[in-house]
Amino acid sequence: MDIARTPATPDGNPTMADAAPEPKAPPLFRRVDYRPFPWQVPAIKLDFTLGLEETLVRSELTVRRNPAVDRSPTIRLNGDGLTPLSVKVDGEAINSWAIDGDDLLVSLPGDDHRIAIETRIDPSVNSQLMGLFASCGMLCTQCEAEGFRRITFFPDRPDVLSSYRVRMSGDKRIFPVLLSNGNLVDAGEEGDGTHWAEWHDPWLKPSYLFALVAGDLVARCDRFTTMSGRAVDLAIWVRATGGDGGDLERTEHAMDSLKRSMRWDEEAFGREYDLDRFNIVAVSDFNMGAMENKGLNIFNTKYVLADPQTATDGDFDAVEGVIAHEYFHNWSGNRVTCRDWFQLSLKEGFTVLRDQLFSADVGSEPVKRIEDVRVLRAVQFPEDSGPLAHPIRPDSYREISNFYTSTVYNKGAEVIRMMRTIAGPERFRQGCDLYFERHDGDAATCEDFIRAMEEGAGLELEQFRRWYSQAGTPRVNVRLEHEGDMATLHLRQSVPPTPHQPDKQPVPIPLRIALFDRESGRHAGEMLEIFYKEEASLTYPGFATRPVLSINRGFSAPVAIERAISADELVFLAARDDDPFARYEAMQDLVVGHLKAAVEGTLGEAERAEGRAAIGTAMAAALADNALDDLMRGELMILPGHSYLAEQMEVADPAAIHAEREGLKAWLGGQLKNELQAMHERASAVPYSLDARARGARKLKTQALVFLAAGVPAIGAELAAAQYRAADNMTDRQGALMVLAGLKTPERTHALIDFYQRHKGNPLVIDKWFALQAQSLHPALLEHVKALAGHPDFTLKNPNRVRSLYMPFTGAAHGFHAASGEGYRIIADLILALDPLNPHTAARFVPPLGRWRRIEPERAALMRAELERIAAAPRLSRDTHEQVSRSLG
């Protein structure tokens, strides 16, 4: 499953069926308490009589005792808000069943039985969007992690693997298309306007991978031939009347991405698709980014629909990356699933790495690496240093949906990437092959993956296991000494204390390094040094003069490097380093060092001018370097984000960080005015296409506008307005509107009105309209956000719309961190209004408030007060309760 990338009051009242219960102390689930389920369920038959407001579900479970577990006289079948209409065992109605909480307990005297259960559900009131729910006149499911228990009673855990046979019937006028997992067995009509379809998935799978979709859909169809010569029918389904009516035409890029993904997985990992069909359905109302249900992926429309007029270059990349991620799950998640939810990173971290490698192969490898690290630092590093810190393999949880985190996904990917770095690509592939071969059809653990890497790749990973069990971002202090012809590199690692883990042990850290000769600008070769101990010293002879150190090249380890390095050396690396990431990192370090000193008040006027001059020199060199492609040039121009800057300080002052960052941006815009205008003019001459040259040109245009609007507002506004009017694609139009949205100028109003009128029939583009205003630099941001919450197009019922307004706002420091505390109140009010409707989405807004310990005292007190207000609310969901209680500590 892919977590979704990148109002004061609800517009509807929650029904009693979806209202959260009065909070008790939620149960604590611990990894060490895992026990296999005492019953196996090798097969399940499901029969759905479909209706938007009433769906009848008949399930028949084939169960047998698990010989590996002590005998149990009963079987516990999980439920959530269900009432059984009937229960039968071996064809006979029984009374020997009971409800325990939400679960159904059934007494079973023998070793093999058939349990038949009938339930009735109302998908139309399912505002949680878990289980079977209605969306825009269609029915669809979301079962990961524990949604299947909202459909029927079942042992809803990932280690119970079953073969599914699904029959569904419904009014053909409402549900002309009926889809489920696996292959279509048969279909027909019943003569009264009702039709039916039967699907069978021959591969054993856990209940979280079950899927059903029924509705008025149309499809883009294609065919793929696997490496063994087998034909697979492909279809991407969208609503026949969705959005502005152009959804089907916007699926071409998704289909191309799917076929590229299928071919790449065969070539890079030897993994071939294993069913006759592969279906993708785009859904407007969806909590997550997408879901990898076996043979029937269900996607947020955001990650399926794209064309040049409605999607940016970033959107095209996101569609391709998420399509790949969900397809790759067919092996890393479906054929080999996870034993329990503590092993979530087994499937998600591994699959994130696979989709990152794919995107790097089909696009720009250096830019993709920089983008991945930027996400890690903006989201996962703060998570690792806050109250919600947890290992990539957690030890306990109260609500599993709260562990679909950047730590599990992105840090999990980095940990597996380190294994690949240490082993090399060929030996890593051998370890992966062994893992898939050994555990195909199993519910595996992170330990199983590590053992496969030890045996298949020939690695020794005993100490490496600490990466799975310890939370926190390791810090590596680096000091380079030079004496005679000897360079000595001194390394010291530490991991700050995190909740429940005050003491940490050293972890293996693979560091790719190079030592540059200052005069020639070259190095003798890159080295991989694996740093195991708390401290180490490494010597390198043959340097008559002090070399310049390039370290953690390619971001070979997810660590924070702390080093005393001069501005001159950083300027040298930013201009001369042959590792693209290290070059980017030098530019980032140059800016971070200057801004950190400025915020902390340690710069005098002379030092401030000197620091800005060094940054200006490095930036000018990047703008003038003809050897750089424009995609990479654009990356070198991006200043470090607010959250990453805040992480560099023990206690952050958001207002000071914002002021210093914007001040530097304005200075650079004024200082490099001529170069930026010339760059914008050059880039504007490149015609639209999706090739790297044109994409790079569009990135440069927007970056030039960002700096010019800050440094020379009149010129920036004029160029942005001109770019908006001339735009023949969404990337240029959105880039210009982003800049205009932050300015007090008539062009801002005109562009916002035009954008809305131009795209008001397209929900995904209107999401952009909300987001651009919510993250703008406009001084009236708070008033704008409150006004947008009352806009007729805003609704709390659609997760995309909620995220589009409020998630960007939490990243806008001058609004969210307003000294009055109003930004914090806006988010707290949102959480309280949203929690009864959609706890999963509501809980996602708690972490920005939870970082209060790292914020200066006055704002910290305001943030904590809002958390306490949320905690005191009655009937708080388990999702939000856990996030808030952990944030308060």
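Quick note: structure is the one above.
Residues numbered from 1 in each chain as written. Predicted model: local features only at pLDDT ≥ 70, side-chain atom pairs only at ≥ 80, totals over all residues. Heavy atoms only, no water.

Asker: Now, about the nonpolar core: what can you tell me, with residues and values included?
Answerer: Judged by nonpolar contacts, the single largest core of 154 residues is most densely connected at F48, F210 and Y468. Excluding its chain neighbours within four sequence positions, the residues that come into contact with F210 are L46, F48, T141, C143, F148, I151, Y164, V166, S180, N181, K205 and N293. Within the second largest apolar cluster, 111 residues are counted, among which are F572, A683, A774 and L867. (Core = buried A, V, L, I, M, F, W, Y, C linked by side-chain atoms within 4.5 Å. Buried < 20%, exposed > 50% of the residue type's maximum accessible area, 1.4 Å probe, protein only. Contact = heavy atoms within 4.5 Å.)

Asker: Would you mind going over the sheet that holds strand β12 (residues 162–171) in detail, with residue names and values included?
Answerer: The mixed open sheet is built from eight strands, whose spatial order is β6-β5-β9-β3-β2-β12-β15-β14. Every other strand in the sheet has two partners, leaving β6 (92–93) and β14 (183–189) as the edge strands with one partner each. Where β12 lies against strand β15 (residues 194–205), nine bridges are found, and the strand directions are antiparallel. Pairing of R165 across the sheet is with H200, part of β15. (Pairing = 2+ DSSP bridges. Helix = DSSP H or I, 4+ residues; strand = E, 2+ residues; numbered from the N terminus.)

Asker: So, the pattern of salt bridges: which residues are in play, and what are the values?
Answerer: If you walk through the whole model with that rule in mind, you get 79 salt bridges. With a shortest N-O distance of 3.1 Å, R682 and D630 are connected by a salt bridge. Taken together, the residues R682 in helix α15 (residues 673–684) and D630 in helix α12 (residues 630–637) connect sequence positions 52 residues apart. Residue R682 is classed as partly exposed on the basis of its relative accessible area, which comes to 41%. Residue class for D630 comes out buried when judged on its relative accessible area of 14%. Via salt bridges that share partners, R512, E526, R553, D577, D578 and D579 belong to a single interconnected network. (Salt bridge = Lys/Arg side-chain N within 4 Å of Asp/Glu carboxyl O.)

Asker: Can you tell me about the pairing of strand β21 (residues 296–300), naming the residues and giving the values?
Answerer: Counted residue by residue, β21 has five buried out of five residues, so it is predominantly covered. Pairing geometry for strand β19 (residues 277–283) and β21, over five bridges, is parallel. Within β21, the residue paired with I280 across the bridge is N297. Where strand β20 (residues 290–291) folds back on β21, the antiparallel hairpin that results is connected by four residues, among which G295 adopts a positive phi of roughly 75°.

Asker: Please provide a residue-by-residue account of the side chain of D340, values included.
Answerer: Among the secondary structure elements, D340 is positioned in the loop between β22 (337–338) and α3 (344–362). Separated by 2.6 Å, the side chains of D340 and R339 make a polar contact. Beyond its immediate stretch of four places on either side in the chain, D340 contacts Y34 and P158. (Polar contact = N/O pair within 3.5 Å; in protein donor to acceptor, adjacent residues only side chain to side chain.)

Asker: Requested: an account of α15, with residues and values cited.
Answerer: In a regular helix each residue adds 1.5 Å, so twelve residues correspond to 16 Å; α15 covers 16 Å between its end C-alpha atoms and thus fits that length. Within the span of α15, buried status applies to L676, M679, H680 and A683. Each buried residue of α15 lies within a common arc of 100° when the element is viewed along its axis, so the set occupies one face. Residues of α15 that are exposed and point more than 90 degrees away from the buried face comprise N674 and E681. (Expected span 1.5 Å × (residues − 1). Arc of directions from axis to C-beta.)

Asker: Report on the sheet that holds strand β13 (residues 177–180), specifying residues and quantitative values.
Answerer: Spatial strand order, β10-β11-β16-β13: four strands in an open sheet with antiparallel pairing. What marks the edges here is a single partner per strand, and that holds for β10 (131–135) and β13. Across this sheet, the average inter-strand angle for adjacent strands is 20°, counted without regard to direction. Summarising the sheet, β13 and strand β16 (residues 212–215) pair through four bridges and their orientation is antiparallel. Across the sheet, L178 pairs through a bridge with A214, a residue of β16. (Axes fitted to C-alpha atoms, helices over the stretch in contact; angles between N-to-C directions.)

Asker: Could you give an account of the packing of helix α1 (residues 252–269) against α3, naming the residues involved and the relevant values?
Answerer: One can describe the packing of α1 onto α3 by two numbers: an axis separation of 11 Å at closest approach and a directional angle of 105°. Classified by the angle their axes make, α1 and α3 are roughly perpendicular. Residues S257, R260, S261, W264, D265 and F269 of α1 touch α3, and the partners they reach there are F350, R354, L357, F358 and D361. (Parallel < 35°, antiparallel > 145°, perpendicular 65-115°, else oblique.)

Asker: Lay out the environment of V592 with the relevant residues and their values.
Answerer: Tracing the sequence through the fold places V592 in helix α10 (residues 580–599). Note on V592: relative accessible area 9%, which makes it buried. Placed 357 residues apart in sequence, V592 and A235 show a C-alpha to C-alpha distance of 47 Å. Aside from chain neighbours lying at most four places away, what touches V592 is P640, Y644, L645 and Q648.

Asker: With reference to specific residues and values, describe the side chain of E292.
Answerer: Secondary-structure assignment places E292 in the loop between β20 and β21. Among the residues examined, E292 registers a relative accessible area of 1% and is labelled buried. Here the side chain of E292 touches K347 through a polar contact of 2.8 Å, side chain to side chain. Apart from residues no more than four positions distant in its own chain, E292 is found in contact with M1, E144, Y208, L209, N297, E326, H329, N334, K347 and E348.

Asker: Break down the environment of R825 for me, with residues and values.
Answerer: Structurally, the position occupied by R825 is in helix α24 (residues 822–834). Classification of R825 by relative accessible area gives partly exposed; the value is 35%. The spacing of R825 and A282 is 543 residues in sequence and 34 Å in space, taken between C-alpha atoms. Residue contacts for R825: discarding those within four places in its chain leaves S820, E866 and R869.

Asker: Outline helix α4 (residues 365–384), supporting the account with residue identities and numerical values.
Answerer: Between the first and last C-alpha of α4 there are 26 Å, a value that for 20 residues agrees with the 28 Å anticipated at 1.5 Å per step. Put simply, S364 is the residue that caps the front of α4, since its side-chain oxygen is 3.3 Å from the backbone nitrogen of V367.

Asker: Got a sec to walk through the packing of α1 against helix α2 (residues 313–328)? Specific residues and values, please.
Answerer: Packing of α1 against α2 brings their axes to within 9 Å, and their N-to-C directions diverge by 45°. Here α1 is positioned oblique relative to α2, judged by the angle of their axes. Of the two possible hands of crossing, α1 and α2 adopt the one that is right-handed. Listed contacts from α2 to H253, A254, S257, L258, R260, S261, M262, W264 and D265 of α1 are F316, V319, E320, I323, A324, Y327 and F328. Classifying every residue of the contact of α1 with α2 gives ten nonpolar, three polar and three charged. (Left-handed = near helix turned anticlockwise from the far one by under 90°. Nonpolar A, V, L, I, M, F, W, Y, C, P; charged D, E, K, R; others polar.)

Asker: Run through the packing of aromatic side chains, naming residues and quoting values.
Answerer: Per the counting criterion, the structure on display carries 35 aromatic pairs. With a centroid separation of 6.0 Å and 10° between ring planes, the pair formed by F48 and F210 is classed as stacked. Of this pair, F48 sits in strand β2 (residues 39–49) while F210 sits in the loop between β15 and β16, placing them 162 residues apart in sequence. Of the two residues examined, F48 and F210, each falls in the buried class. Ring geometry for F770 and F794: centres 6.1 Å apart, planes at 55°, overall tilted. Linking F770 in helix α20 (residues 763–774) with F794 in the loop between α21 (781–789) and α22 (799–810), this pair joins segments that are 24 residues apart in sequence. Neither residue differs from the other here; F770 and F794 are each classed as buried. Taken together through their ring pairs, the aromatic side chains of W264, F269, Y273, F278, Y327, F328, W331, F350, F358, Y435, F436 and F449 make up a single cluster. For R335, the ring lying beneath its charged end belongs to W203, and the centroid distance is 3.8 Å. (Phe/Tyr/Trp six-rings, centres within 6.5 Å; stacked < 30°, edge-to-face > 60°. Lys NZ or Arg CZ within 6 Å of the ring centre and 35° of its normal.)

Asker: Describe unusual backbone geometry, listing the residues and the values that go with them.
Answerer: The residue after E144, namely A145, is reached through a cis peptide bond having omega 5°. Examined against the element boundaries, A145 turns out to sit in the loop between β11 (138–142) and β12. Not every positive phi belongs to a glycine, and H500 is a case in point at roughly 70°. By secondary structure assignment, the location of H500 is in the loop between β26 (486–494) and β27 (509–516).

Asker: Would you mind going over the environment of M262 in detail, with residue names and values included?
Answerer: Relative to the helices and strands, M262 resides in helix α1. Given a relative accessible area of 1%, M262 falls into the buried group. The spacing of M262 and A324 is 62 residues in sequence and 8.1 Å in space, taken between C-alpha atoms. Here M262 is in contact with F224, V232, L234, Y273 and Y327, once residues within four sequence places are set aside.

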